[in-house]
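Here is how the chains run, residue by residue.
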Amino acid sequence: MTYAITQTCCSDATCVAVCPVNCIHPTPQERAFGSTEMLYIDPKTCIDCGACADACPVDAIFPVDSLFGAQKEYAGINAAYFDDEDPEPVDDSPNFHAWGEPAFERSLPSDFAPIRVAVVGTGPAGMYAAEDLLLHTNAEVTLVDRLPVAGGLVRYGVAPDHPATKKVGDTFARFHTHPRVRMHLGLEVGRDITTEELSAHHDAVIYAVGASADRRLGIPGEDRSGSISATTFVSWYNAHPEVAPDTIDLSAERVVVVGNGNVALDVARILVSDPEALAGTDIADHALAALRASKVREVVLLGRRGPEDAAYTRSELLALKHLAGVQLVVDDHDPRIGVTIDAAGPKDKAAVLQGVTRAEADCSVAPAPGRRIVLRFHSTPVEVLGGGSVSAVRITGASGEVEVPAGLLLRAIGYRGAPVAGLPFDEATGTVPHERGRVSGRPGTYVVGWIKRGPSGGIGANRTCAAETVGTLLDDAVAGSLPAPTGAANAFRRLARRRNRHVVDARGLAAINRAEVARGRSDGRPRVKLATVRQLVSTARGNRWRVPR
């Protein structure tokens, strides 16, 4: 029996590190690492030890014999990655895949003095950086986040019906109470404190603030009511405190989603899923109520290019194919679409659509009975129509222009970084200029994650990104080029409390977690999230403080 990696793979390569026979690829040392959709286990060389499954932070690895339903396809997907090779033992060793030469990229002197490092942002990028520092150095780490709760993308970006992916948050949570960690949640750099003040109290500062803005379509009518970013929609169903419960109106029968990446598939899936299937997740209470009353029956996803160039991963599309009670349809309006799908080989992304219903979907009329998702490739929106709010979207393609009646338009065409107060910013790329994570012209200042490399790569990609940034920081520390802090750690704590008396610490975060889990327990849910800043702060303080709305 062999093991296989499945849909929820985060590609952070924890499994690679524990494999005794080097059967998981690509490894971080290989060129393909970071460019494949997931990692793969070679069934010919796996020795069934289970070490990878034990180490996986997102429960993505299972014995092939235990796979069921849609997961069965992953046995073939893993095997197909190695189809072009017939492994032979390397140099009479028991390993079928050659190990690379040992690399020791860091060398800290034995008398390396403790340094104080602030990490701004508690999502995956920031927490991978904090983990690296805490496990491999004697650094003291200050965690800062503008929201009064930790988690970032794991809490507010992962779809509620992907609970295994959210488990990576448990890996990060163990560092929240680390003895060398101090936590200041609800403290915003640029509002409550300046970048200069943060730097003055630390040897180094790592900014892991992500890409909070969304890309715009740049077409007429885009700002009509009912035309919103998929980022907002995702935040809405994840109970983000900055998105009001009444932000989304689901009174129309059809929704148009522009984009065909994983976020586009996420929002489409949530819109047409059986609400009762979501009732056992941590979806926001207000979102669950809205979905139960929803009139949405059809979601049309617009992709500018063909199925061979779609941005979604095969694993997310496979999940869509097996969505209970929902028909998946490929709009066959362009002859190139069918030709591409039929000619696709087993490793091609378009091959996943083989067997999916293909028909020329008439989206100019009311949706047919039932629930369905329509994939319309080679289509570009050119105008959002309506009076005060969205009533239709005009799109263009090989068959000319067509108007698609819809009451909601979601933009899912990518994220974009926003300027960080006090730091340089590249408007063209939406990132902070840097060299291997070191911010240009700002000694002791570093970046990691999407604000460093742009909005590319999933959760696991941040691990190698963080390793590079932390490596650069440590090189600077050893070279003596970090500016010495002028303020003590306790002085920063007092400054933070003085600037914002509602700052949440690790004890307060634990109180929030207990309260949310307790709220969910009575409903058979993993948790029911607190959805406002006031609720979060009040719960963190044990309801002993009067908190402004």
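What comes next concerns the included structure.

Each value, and the rule that gives it
- Residues numbered from 1 in each chain as written.
- Predicted model: local features only at pLDDT ≥ 70, side-chain atom pairs only at ≥ 80, totals over all residues.
- Heavy atoms only, no water.
- Helix = DSSP H or I, 4+ residues; strand = E, 2+ residues; numbered from the N terminus.
- Buried < 20%, exposed > 50% of the residue type's maximum accessible area, 1.4 Å probe, protein only.
- Contact = heavy atoms within 4.5 Å.
- Areas by Shrake-Rupley, 256 points an atom, 1.4 Å probe, with all protein chains shown as cover.
- Lys, Arg positive; Asp, Glu negative; His and termini not counted.
- Charge placed at Lys NZ, Arg CZ, Asp CG, Glu CD.
- Pairing = 2+ DSSP bridges.
- Axes fitted to C-alpha atoms, helices over the stretch in contact; angles between N-to-C directions.
- Polar contact = N/O pair within 3.5 Å; in protein donor to acceptor, adjacent residues only side chain to side chain.
- Phe/Tyr/Trp six-rings, centres within 6.5 Å; stacked < 30°, edge-to-face > 60°.
- Patch = residues over 30% accessible without salt bridge, like charges linked within 9 Å, V, L, I, M, F, W, Y side chains within 5 Å.
- Salt bridge = Lys/Arg side-chain N within 4 Å of Asp/Glu carboxyl O.
- Core = buried A, V, L, I, M, F, W, Y, C linked by side-chain atoms within 4.5 Å.

### Here's the deal with the overall build of the chain
(1) Moving on: On a plain count of helices and strands, the chain comes out with 19 helices and 23 strands.
(2) Moving on: The principal-axis extent of the C-alpha atoms belonging to the chain is close to 70 × 70 × 50 Å.
(3) Moving on: The 549 residues of the chain split such that 53% are buried.
(4) Moving on: Nonlocal contacts in the chain, meaning residues at least 24 apart in sequence, comprise 75% of its contacts between residues at least 6 apart.
(5) Moving on: Total accessible area on the chain is roughly 23,800 Å²; 51% of this is exposed by carbon and sulfur atoms.
(6) Moving on: Between the averaged position of the 59 positive side-chain charges in the chain and that of its 65 negative side-chain charges there is a distance of 10 Å.

### Things to note about the sheet that holds strand β10 (residues 227–229)
(1) Moving on: Strands sit in the order β10-β19-β11-β12-β15-β13-β14 across an open sheet of seven strands; the sheet is parallel. One side of each edge strand has no neighbouring strand; the edge strands of this open sheet are β10 and β14 (357–359). Sheet twist, expressed as the average angle between the axes of neighbouring strands with direction ignored, equals 25 degrees.
(2) Moving on: Where strand β11 (residues 254–258) meets strand β12 (residues 298–302), five bridges bridge the pair, whose relative direction is parallel. Paired with R254 across the two strands is E298, which belongs to β12.
(3) Moving on: The sheet strands contacting helix α9 (residues 230–237) are β10 and β19 (408–411), and the helix crosses β10 at an angle near 75 degrees.

### Points about the side chain of R411
(1) Moving on: Of note, R411 is situated in strand β19.
(2) Moving on: Among the residues examined, R411 registers a relative accessible area of 7% and is labelled buried.
(3) Moving on: A distance of 2.9 Å separates polar atoms of two side chains, one belonging to R411 and the other to D214.
(4) Moving on: The residues touching R411, leaving out its near neighbours within four places in the chain, are D214, R215, R216, L217, E222, S227, I228, S229, A230 and V258.

### Focus on the packing of aromatic side chains
(1) Moving on: Taken as a whole and judged by the stated rule, the model has six aromatic pairs.
(2) Moving on: Note on Y40 and Y81: the rings are 4.4 Å apart at their centroids and 10 degrees apart in plane angle, and the pair reads as stacked. On the criterion of sequence distance, the pair formed by Y40 in strand β3 (residues 40–41) and Y81 in the loop between α3 (73–80) and β5 (116–120) is long-range, its members being 41 residues apart.
(3) Moving on: Relative accessible area serves as the criterion here: at 4%, Y40 is assigned to the buried category.
(4) Moving on: Within the aromatic cluster, the residues linked to one another by ring pairs are Y40, Y81 and F82.

### Here's the deal with a positive patch on the surface
(1) Moving on: A surface patch of positive charge is lined by R182, R493, R494 and R498.
(2) Moving on: It is helix α17 (residues 489–499) that contributes the most residues to the positive patch, three residues altogether.
(3) Moving on: Within the secondary structure layout, R493 lies in helix α17.

### Some thoughts on the nonpolar core
(1) Moving on: Core analysis: the largest hydrophobic core is formed by 121 residues, its most contacted members being I24, I206 and Y237.
(2) Moving on: Residue contacts for Y237: discarding those within four places in its chain leaves A159, P160, D266, V267, I270, I283, A284 and A287.
(3) Moving on: Core analysis: the second largest hydrophobic core is formed by 20 residues, A118, V144, L187 and L198 among them.

### Focus on the pattern of salt bridges
(1) Moving on: This structure, assessed with the given rule, holds 37 salt bridges.
(2) Moving on: Here R106 ties to D132 by a salt bridge, and the two come within 2.7 Å at their closest N and O atoms. Note that R106 is positioned in the loop between α3 and β5 and D132 in helix α4 (residues 124–136), a separation of 26 residues in sequence.
(3) Moving on: For R106, a relative accessible area of 31% gives the class partly exposed.
(4) Moving on: Residue D132 is classed as buried on the basis of its relative accessible area, which comes to 9%.
(5) Moving on: Linking E222 and R411 is a salt bridge whose minimum nitrogen-to-oxygen distance equals 3.4 Å.

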